[in-house]
Amino acid sequence: DAGITQSPRYKITETGRQVTLMCHQTWSHSYMFWYRQDLGHGLRLIYYSAAADITDKGEVPDGYVVSRSKTENFPLTLESATRSQTSVYFCASRIDYRTDTQYFGPGTRLTVL
Amino acid sequence: AQSVTQLDSQVPVFEEAPVELRCNYSSSVSVYLFWYVQYPNQGLQLLLKYLSGSTLVKGINGFEAEFNKSQTSFHLRKPSVHISDTAEYFCAVSDRTSGSRLTFGEGTQLTVNP
């Protein structure tokens, strides 16, 4: 039972490059989420998706793009990375609108030089 | 909109001592409340949640939390901590109407010393 996986676990890139962080879940959960974790801010929601082809902005969406063509995958793309996007990124999933618990992946540590 | 304030950024305690991690929230609507734990280099795990009913909620690893509506608080407690409880703890809320979004506090680093 793999659950929810993220890749890569660590990534170093340069300012201006495009970066895609992958998230895959094996549970067929309807909802998926992307958060970033920064010191002093806790976790902040970037984007979420209620189902395939349905996405919505969270608290800090600027500079990020998401897509969800398949239920199990929810990639997050930084179209032109900036130093302020250096962070730890967490993907999460939730069964459906009737449930409340989110399940988190192990995280991706991204450094933008 | 909701907000969460975790009143202590760091809490050092000795092993077998009791601990309380404080969480206050603000919301114009009814909320669900959660505590998550993050061990070093790992994702978040659900510790416990309050949805309705009894205001005292028991979670995993001997933790419990009490919902106090009048004080808008959801403090986490454990009567006797272990070294293995060293982790970061996050309080979170979601509103009952949409339920989609979790709003997190900034986290409390609990360090248990021998």
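Residues numbered from 1 in each chain as written. Chains lettered and ligands numbered in written order. Predicted model: local features only at pLDDT ≥ 70, side-chain atom pairs only at ≥ 80, totals over all residues. Heavy atoms only, no water.

A. Structural view of the overall build of chain B. Within chain B, the regular secondary structure consists of zero helices and 12 strands. Listed N to C, the secondary structure of chain B is β-β-β-β-β-β-β-β-β-β-β-β in terms of helices and strands. Computed over its C-alpha atoms, the radius of gyration of chain B comes to 14 Å, within 12% of the 13 Å expected for a compact globule of 114 residues. In terms of principal-axis extent, the alpha carbons of chain B reach across some 45 × 30 × 20 Å. For chain B, the proportion of its 114 residues judged to be buried stands at 45%. (Helix = DSSP H or I, 4+ residues; strand = E, 2+ residues; numbered from the N terminus. Rg over C-alpha atoms; globule rule 2.2 N^0.38 Å. Buried < 20%, exposed > 50% of the residue type's maximum accessible area, 1.4 Å probe, protein only.)

B. Up close: the nonpolar core. In terms of nonpolar packing, the biggest core is built from 28 residues, with L33(B), W35(B), L47(B), L48(B), F74(B), L76(B) and Y89(B) touching the most fellow members. With residues near it in sequence (within four places) discarded, L47(B) still touches W35(B), Y36(B), V37(B), G59(B), I60(B), F63(B), L76(B) and Y89(B). Counting 18 residues, the second-largest nonpolar core is a separate cluster that includes M32(A), Y47(A), Y89(A) and C91(A). (Core = buried A, V, L, I, M, F, W, Y, C linked by side-chain atoms within 4.5 Å. Contact = heavy atoms within 4.5 Å.)

C. Focus on unusual backbone geometry. Cis geometry is adopted by the peptide bond preceding P8(A), which originates at S7(A) and carries an omega value of -10°. Mapped onto the elements of the fold, P8(A) is located in the loop between β1 (4–7) and β2 (10–13). Although it is not a glycine, S28(A) adopts a positive phi angle of roughly 65°. Among the structural elements, S28(A) can be located in the loop between β3 (19–25) and β4 (31–38). In this model, T72(B) sits at a positive phi of 45°, which is unusual for a non-glycine residue. With respect to the secondary-structure elements, T72(B) resides in the loop between β8 (64–68) and β9 (73–78).

D. Expanded view of the interface of chain A and chain B. Listed per partner, the contact involves 21 residues of chain A and 18 residues of chain B. Both sides of the chain A and chain B interface together cover about 1600 Å² of buried area, and 49% of this is carbon and sulfur. Of all residues in chain A, the largest losses of buried area upon contact with chain B belong to L43(A), D100(A) and F104(A), amounting jointly to 31% of the total for that side. For the pair chain A and chain B, the interface holds zero salt bridges. (Buried area = accessible area lost by both parts, 1.4 Å probe. Salt bridge = Lys/Arg side-chain N within 4 Å of Asp/Glu carboxyl O.)

E. How the structure looks around the pattern of salt bridges. Taken as a whole, this structure holds eight salt bridges over all chains when the rule is applied. The residue R44(A) makes a salt bridge to D38(A) at a minimum N-O spacing of 3.0 Å. Comparing R44(A) with D38(A), the two get one shared label, buried. Here K58(B) and E64(B) are joined by a salt bridge, their closest N and O atoms 2.9 Å apart. For E64(B), a relative accessible area of 23% corresponds to the partly exposed category.

F. Local environment of the state of the cysteines. Residue and element names in this part refer to chain A. What the rule picks out here adds up to two disulfides over all chains. The disulfide that involves C23 links it to C91, with 1.8 Å between the sulfurs. In this structure, the disulfide formed by C23 and C91 twists by about -75° around the S-S bond and is classed as left-handed. Taken as a pair, C23 in strand β3 and C91 in strand β9 (residues 87–94) lie far apart in primary sequence, 68 residues in all. The exposure class of C23 is buried, given its relative accessible area of 1%. (Disulfide = S-S within 2.5 Å.)

G. Just the sheet that holds β1(A), in detail. All names here are of chain A. One open sheet accounts for four strands, arranged β1-β3-β8-β7; its pairing is antiparallel. Looking at strand neighbours, the two that pair on one side only are β1 and β7 (64–66), the edges of this open sheet. Each strand axis lies, on average, 20° off the axis of its neighbour in the sheet, ignoring direction. Bridge count for β1 against β3 is four bridges, and the pairing is antiparallel. (Pairing = 2+ DSSP bridges. Axes fitted to C-alpha atoms, helices over the stretch in contact; angles between N-to-C directions.)

H. Representation of a nonpolar patch on the surface. A contiguous nonpolar surface patch, about 260 Å² in accessible area, is contributed by W27(A), I95(A) and Y103(A). Position of I95(A) among the secondary structure elements: in the loop between β9 and β10 (103–104). (Patch = residues over 30% accessible without salt bridge, like charges linked within 9 Å, V, L, I, M, F, W, Y side chains within 5 Å. Areas by Shrake-Rupley, 256 points an atom, 1.4 Å probe, with all protein chains shown as cover.)

I. Spotlight on the environment of K69(B). Following the sequence through the fold, K69(B) ends up in the loop between β8 and β9. K69(B) sits 44 residues away from Y25(B) along the chain, and the two C-alpha atoms are 9.8 Å apart.

Bear in mind that shape data such as this cannot, by itself, settle questions of function.
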